[in-house]
Amino acid sequence: MGDTTKQVPFVKGLEGVAVAISSISHIDGKAGRLIYRGFSVEELAQYSNFEEVAFLLWHGKLPTDFELTDFKRKLARERSLSSEISQLLRLLPASSHPMDVLRTAVSAMGVLYRRCDGSGFSLIEDAISILSKIPTVLAAFEAARNNRPPVLPSAELDHAANFLYMLHGKLPEEKVARVFDAILILHAEQEMNASTFAATVTASTLSDIFSAITSAIGTLKGPIHGGASERVIEMLDEIGDPANVETFIEEKMSAGKRIMGFGHRIYKTYDPRAVVLKSMAKELVKSDPGRKRLEVALKLEEVVVERLGEKGIYPNVDFYSGIVYSELGIPKDFFTAIFAMARCAGWAAHIMEYTESNRIFRPRAIYEGSTDLRYLEEKAKARCE
Ligand code: CMC
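**Some words on the domain arrangement of the chain**
Then step 1. Per the domain assignment, the segments of the chain are domain 1 (26–223 + 334–356) and domain 2 (228–327).
Then step 2. With centres defined by C-alpha atoms, the gap from domain 1 to domain 2 works out at 26 Å.
Then step 3. Each partner contributes to the interface: domain 1 provides 24 residues, whereas domain 2 provides 26 residues.
Then step 4. Approximately 2100 Å² of surface area, both sides summed, lies buried where domain 1 meets domain 2, with 66% of it carried by carbon and sulfur atoms.
Then step 5. The tally of links between domain 1 and domain 2 comes to zero salt bridges.

Following this line, the structure appears as structure tokens:
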């Protein structure tokens, strides 16, 4: 048997390999820049709002006032969950991780709400439905696991404020809602990362967007992708005091272990999102545990950058986000789900863009196994083992 894979280039983890041509976002990993459709993420976080950014990502341009109002209205209209999803959320064990709940709920939503099936509804309508319902799913699960009735969504509030309202059962302060909105913008898009790739691979088979986003949620959950933010808070609490940082780093490095919230495949300097989140944390943190975590985080950053900065290891988006989330009263196991809530905008943008000029993903694997085993002989040997 001729092995044609011998000539196939193999790049572990697809480092440096482009899998799509895109005009959605770009990272300059040396300069520490991230742009969405030409705009720097810092400027968008400062001046825009999450709905406008989702529109920008999906349509490739800033909306007119009329388009933005219409888009916000469409999103607000899709927030409610049907009784089947509400019931499903009550049936799942209270101990379930919110990312498992979200993955399950989006998959179930594909059974109940999918409209883009060739009958005139567009992909955008399904994307609006998923983007709008994710916050409701998460807040309803938080209510269910605490034996409380869910707080129904409010069509009067923007995406970010409505989530905080449903989660906490009271209107958020304007400043808090604004911070959360900026956090969603910072997490909305990041080029061809692992979860976006997972979504794109699923979509490239011409499967539906609910399946593609279910794939993406399962991928984001991993501790070296979006799951890192939760591990960062655990690590900061384990360190406990800035005085323990040096010993902690020493132990991790001599054991060849990674420090959570540091390093990135593309950024070899400060991740611009981490820079914004760090200043948010400095401005926002008022609680005692928050102050302690921030002190530890600042010391940890100093020591890691001093020791590993030469190798391009700097804080990434997950390093300061958990400190900010905790201060906003968001439970630790919700951190990655907040990431998913925002990144859903980017996933959908890539699904739309890629499938416009689709080609199924079908790479190769380089085969290293046997090629000429005889079944009866091997079966006889196996029996005697
Ligand atoms: N702590 C210590 N050393 C590190 C770290 C870290 N966090 N990250 C990378 N390195 C070292 C690694 O040991 C390797 O060193 P050497 O060349 O001497 O063997 C070098 O840097 C390159 O590492 P790599 O494994 O080739 O890097 P990668 O591009 O495959 O992995 C990463 C990127 C993000 C998975 C990795 O940096 C990591 O595991 N970081 C910790 C988890 C984390 O914070 N993840 C969130 C990523 S950002 C948000 C997101 O994507 O969701």
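Once the structure has been displayed, the description carries forward.
**Examining the sheet that holds strand 3 (residues 39–40)**
Then step 1. Spatially, three strands are ordered 1-2-3 in an open sheet, and the strand pairing comes out antiparallel. The strands lining the two open edges of the sheet, one partner per strand, are strand 1 (25–28) and strand 3.
Then step 2. Two elements, strand 1 and strand 2 (residues 33–36), share four bridges in a ladder whose sense is antiparallel. Bridging from a neighbouring strand, serine 25 pairs with tyrosine 36 of strand 2.

**Re the pairing of strand 2**
Then step 1. Linking two consecutive strands that pair antiparallel, namely strand 1 and strand 2, is a turn of four residues; a positive phi of about 70 degrees is found at glycine 32 within it.
Then step 2. Note that strand 2 and strand 3 share two bridges and pair antiparallel. When the bridges of strand 3 are listed, isoleucine 35 appears paired with serine 40.
Then step 3. Where strand 2 hands over to strand 3, the hairpin turn is made up of two residues, of which arginine 37 adopts a positive phi near 50 degrees.

**What about the packing of aromatic side chains?**
Then step 1. Under the definition given, this model contains nine aromatic pairs.
Then step 2. Where phenylalanine 55 meets phenylalanine 71, the ring centres are 5.5 Å apart and the plane angle is 80 degrees; that geometry is what we call edge-to-face. Pair noted here: phenylalanine 55 is in helix 2 (residues 50–59) and phenylalanine 71 is in helix 3 (residues 65–77), with a separation of 16 residues, a long-range link. You'll find phenylalanine 55 and phenylalanine 71 in the same group, each marked buried.
Then step 3. Aromatic side chains phenylalanine 319 and tyrosine 320 sit 4.8 Å apart centroid to centroid with 75 degrees between the ring planes, which places their arrangement in the edge-to-face category. Neither residue differs from the other here; phenylalanine 319 and tyrosine 320 are each classed as buried.
Then step 4. Among the aromatic residues, those joined into a cluster by ring pairs are Phe55, Trp58 and Phe71.
Then step 5. Lysine 133 extends its terminal NZ or CZ atom over the ring of tyrosine 113, reaching a point 4.7 Å from the ring centre.

**Section: unusual backbone geometry**
Then step 1. One non-glycine residue, glutamate 191, lies in the positive phi region at around 50 degrees.
Then step 2. Locating glutamate 191 in the fold gives a position in the loop between helix 8 (174–187) and helix 9 (194–204).
Then step 3. Residue classification places glutamate 191 among the partly exposed residues on the basis of a relative accessible area of 26%.
Then step 4. Even without a glycine there, the phi angle at leucine 206 is positive, about 65 degrees.

**A word on the nonpolar core**
Then step 1. Core analysis: the largest hydrophobic core is formed by 108 residues, its most contacted members being Trp58, Phe163, Phe180, Leu300 and Ile330.
Then step 2. In terms of residue count, helix 16 (residues 335–356) provides more of this core than any other element does, 14 residues in total.
Then step 3. Structurally, this core is a two-domain feature, drawing no fewer than three residues from each of domain 1 (26–223 + 334–356) and domain 2 (228–327).
Then step 4. If sequence neighbours within four positions are ignored, leucine 300 has contacts with Met235, Leu236, Ile239, Val245, Phe248, Ile249, Ile259, Phe262 and Phe319.

**A short note on the environment of leucine 186**
Then step 1. Topologically, leucine 186 is positioned in helix 8.
Then step 2. The class for leucine 186 is buried, based on a relative accessible area of 0%.
Then step 3. For the pair leucine 186 and proline 272, spaced 86 residues apart in sequence, the C-alpha to C-alpha distance is 9.1 Å.
Then step 4. Beyond its immediate chain neighbours, meaning those up to four positions away, leucine 186 contacts Tyr36, Val41, Ala45, Arg273, Val276, Leu277 and Met280.

**Notes on the layout of surface pockets**
Then step 1. Here the largest pocket defines a volume of roughly 1700 Å³.
Then step 2. In terms of lining, the largest pocket is formed by 47 residues, of which the most central are Ile224, Gly263, His264, Arg265 and Ile266.
Then step 3. Those elements that provide at least two residues to the lining of the largest pocket are strand 1, helix 9, helix 15 (317–327) and helix 16.
Then step 4. Counted by class, the lining of the largest pocket contains 21 nonpolar, 16 polar and 10 charged residues.
Then step 5. No fewer than three residues from each of domain 1 (26–223 + 334–356) and domain 2 (228–327) sit in the lining of the largest pocket.
Then step 6. Size it by volume and the second largest pocket reaches roughly 490 Å³.
Then step 7. Surrounding the second largest pocket, 19 residues form its lining, Leu14, Val17, Arg362, Pro363 and Arg364 being those nearest its centre.
Then step 8. Class assignment for the residues of the lining of the second largest pocket results in 15 nonpolar, one polar and three charged.

Thresholds applied
- Residues numbered from 1 in each chain as written.
- Predicted model: local features only at pLDDT ≥ 70, side-chain atom pairs only at ≥ 80, totals over all residues.
- Heavy atoms only, no water.
- Domains from an automatic or database assignment.
- Contact = heavy atoms within 4.5 Å.
- Buried area = accessible area lost by both parts, 1.4 Å probe.
- Salt bridge = Lys/Arg side-chain N within 4 Å of Asp/Glu carboxyl O.
- Pairing = 2+ DSSP bridges.
- Helix = DSSP H or I, 4+ residues; strand = E, 2+ residues; numbered from the N terminus.
- Phe/Tyr/Trp six-rings, centres within 6.5 Å; stacked < 30°, edge-to-face > 60°.
- Buried < 20%, exposed > 50% of the residue type's maximum accessible area, 1.4 Å probe, protein only.
- Lys NZ or Arg CZ within 6 Å of the ring centre and 35° of its normal.
- Core = buried A, V, L, I, M, F, W, Y, C linked by side-chain atoms within 4.5 Å.
- 1 Å grid on protein atoms, 1.4 Å probe; cavity = no way out; pocket = protein on both sides within 12 Å on 5 of 7 lines; lining within 4 Å.
- Points joined across faces, edges and corners; volume = space filled by probe spheres on them.
- Nonpolar A, V, L, I, M, F, W, Y, C, P; charged D, E, K, R; others polar.

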